[in-house]
Amino acid sequence: MNNIKLSTLILLFVILLTGCAASNIKKDYLLDEKKGMGLLVVSLVRSGEGNFGMFADIQGVNNKYKNSVPVTDLFASSDWDCPMFGEIPKKKPCGRLAVVEMPKGEYEFYAWHGRQGTNFTIESVKKFSKKFNINAGKATYIGSIHFIISRKETGESILGIPVSKPTFDIEIRNMQDRDLSIFYKKHPNIANEKVQIKIIQ
């Protein structure tokens, strides 16, 4: 019985790791224009409230593509670690450099969601649109997306306790010196001329 439980836990752990790893490429990855694929390169960071795993949601503008990219998550590597307790300082956000292989086309970050444990899910209370384009055979750096999370009371209460919902602001910064330094160390086979800078608005 113990062996069955152990095998089940190991299988679950591998599945979770594989799901998160799908948002990143392997170290020896090579860009090939003929495949019609390119790379999204973006640092995703967060500050403020919330001790939960956070994911940024992408969708295609004129296609059916959808993906959720880890910002902070137990099963995804981190380039800038979160504190164990308390709020995350705005001047020291945590998160990671995400590198995602995608078909050429137009896309947008449009929402985020959070996960704590297996049953508790948080969703962004408002949608947004941060559009970008992916070109075949190119890695496109679009900047650093900083999610600043806070809570806002709804005016409702449960058993006398005020109900609040997460709200957020977004800051976009050009952090190419920092981010691309990490990118080239992780993916040494990708030449400088294959990387284009197109900071989103």
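Description of the overall build of the protein
In terms of regular secondary structure, the protein is built from two helices and 10 strands. Scanning the protein from its N terminus toward the C terminus, one meets helices and strands in the order α-β-β-β-β-β-β-β-β-β-α-β. The 201 residues of the protein split such that 40% are buried. When contacts within the protein are restricted to residue pairs at least 6 apart in sequence, long-range pairs at least 24 apart make up 72% of them. Carbon and sulfur atoms provide 54% of the accessible area of the protein, an area that totals close to 12,000 Å².

What about the state of the cysteines?
Counting across every chain of the model gives one disulfide. A sulfur-sulfur separation of 2.0 Å characterises the disulfide bridge that pairs Cys82 with Cys94. What sets the handedness of the Cys82 and Cys94 disulfide is the S-S torsion sign, and at about 75 degrees it is right-handed. Residue Cys82 is found in the loop between strand E3 (66–72) and strand E4 (94–103), and its partner Cys94 is found in strand E4; the two are separated by 12 residues along the sequence. You can call Cys94 buried: its relative accessible area is 0%.

Quick notes on the side chain of Asp179
With respect to the helices and strands, the residue Asp179 is situated in helix H2 (residues 176–186). A distance of 2.7 Å separates polar atoms of two side chains, one belonging to Asp179 and the other to Tyr141. Among all residues touching Asp179, those that are not within four sequence positions of it are Ser43, Trp80, Leu97, Tyr141, Gly143 and Ser144.

Here we look at the confidence of the model for the protein
Of the residues in the protein, 79% have a pLDDT of 70 or more, and the chain-wide mean is 83. Mean pLDDT values over the elements of the protein span from 42, in helix H1 (residues 2–21), up to 98, in strand E7 (residues 130–134). Per-residue pLDDT stays below 50 along residues 1–23; that stretch engages in 11 contacts with residues further than four places along the chain or on separate chains.

A word on the environment of Asn189
Considering the arrangement of structural elements, one finds Asn189 in the loop between H2 and strand E10 (195–197). On the accessibility criterion, Asn189 (42% relative accessible area) is partly exposed. In sequence terms Asn189 and Tyr29 are 160 residues apart; their C-alpha atoms lie 6.8 Å from each other. Ignoring anything within four residues of it in the chain, the contact list for Asn189 reads Lys27, Asp28, Tyr29 and Leu30. A polar side-chain atom of Asn189 sits 3.4 Å from the main-chain carbonyl oxygen of Asp28.

A few points about the side chain of Gln59
One can find Gln59 in strand E2 (residues 53–60). The buried category is assigned to Gln59, whose relative accessible area is 18%. In this structure the side chain of Gln59 is engaged in a polar contact, spanning 2.7 Å, whose partner is the side chain of Glu108. Setting aside residues no more than four positions away along its own chain, Gln59 makes contact with Tyr65, Lys66, Tyr107, Glu108 and Tyr110.

Brief notes about the pairing of E7
By the alternation rule, side chains of E7 split into Lys130, Phe132 and Ile134, which are all buried, and Lys131 and Asn133, of which none is buried. Both strand E5 (residues 105–116) and E7 contribute to a ladder of five bridges, which runs antiparallel. Counted as the bridge partner of Glu106 is Asn133 from E7.

A word on the environment of Glu101
Secondary-structure assignment places Glu101 in strand E4. Taking the C-alpha atoms as reference, Glu101 lies 5.8 Å from Gly38; in sequence the two are 63 residues apart. When residues no more than four places from it in sequence are discounted, the contact partners of Glu101 are Ile25, Tyr29, Met37, Gly38, Leu39 and Tyr65. Among the polar contacts made by the side chain of Glu101, one reaches the side chain of Tyr29 at a distance of 2.7 Å.

Concerning H2
Those residues of H2 not exposed but buried are Asp179, Leu180, Ile182 and Phe183. Down the axis, H2 shows its buried residues gathered within 155 degrees of arc, on one side only. Those residues of H2 that are exposed and angled more than 90 degrees off the buried face are Asp177 and Lys185.

Rules behind the numbers
- Residues numbered from 1 in each chain as written.
- Predicted model: local features only at pLDDT ≥ 70, side-chain atom pairs only at ≥ 80, totals over all residues.
- Heavy atoms only, no water.
- Helix = DSSP H or I, 4+ residues; strand = E, 2+ residues; numbered from the N terminus.
- Buried < 20%, exposed > 50% of the residue type's maximum accessible area, 1.4 Å probe, protein only.
- Contact = heavy atoms within 4.5 Å.
- Areas by Shrake-Rupley, 256 points an atom, 1.4 Å probe, with all protein chains shown as cover.
- Disulfide = S-S within 2.5 Å.
- Polar contact = N/O pair within 3.5 Å; in protein donor to acceptor, adjacent residues only side chain to side chain.
- pLDDT = per-residue confidence, 0-100.
- Pairing = 2+ DSSP bridges.
- Arc of directions from axis to C-beta.

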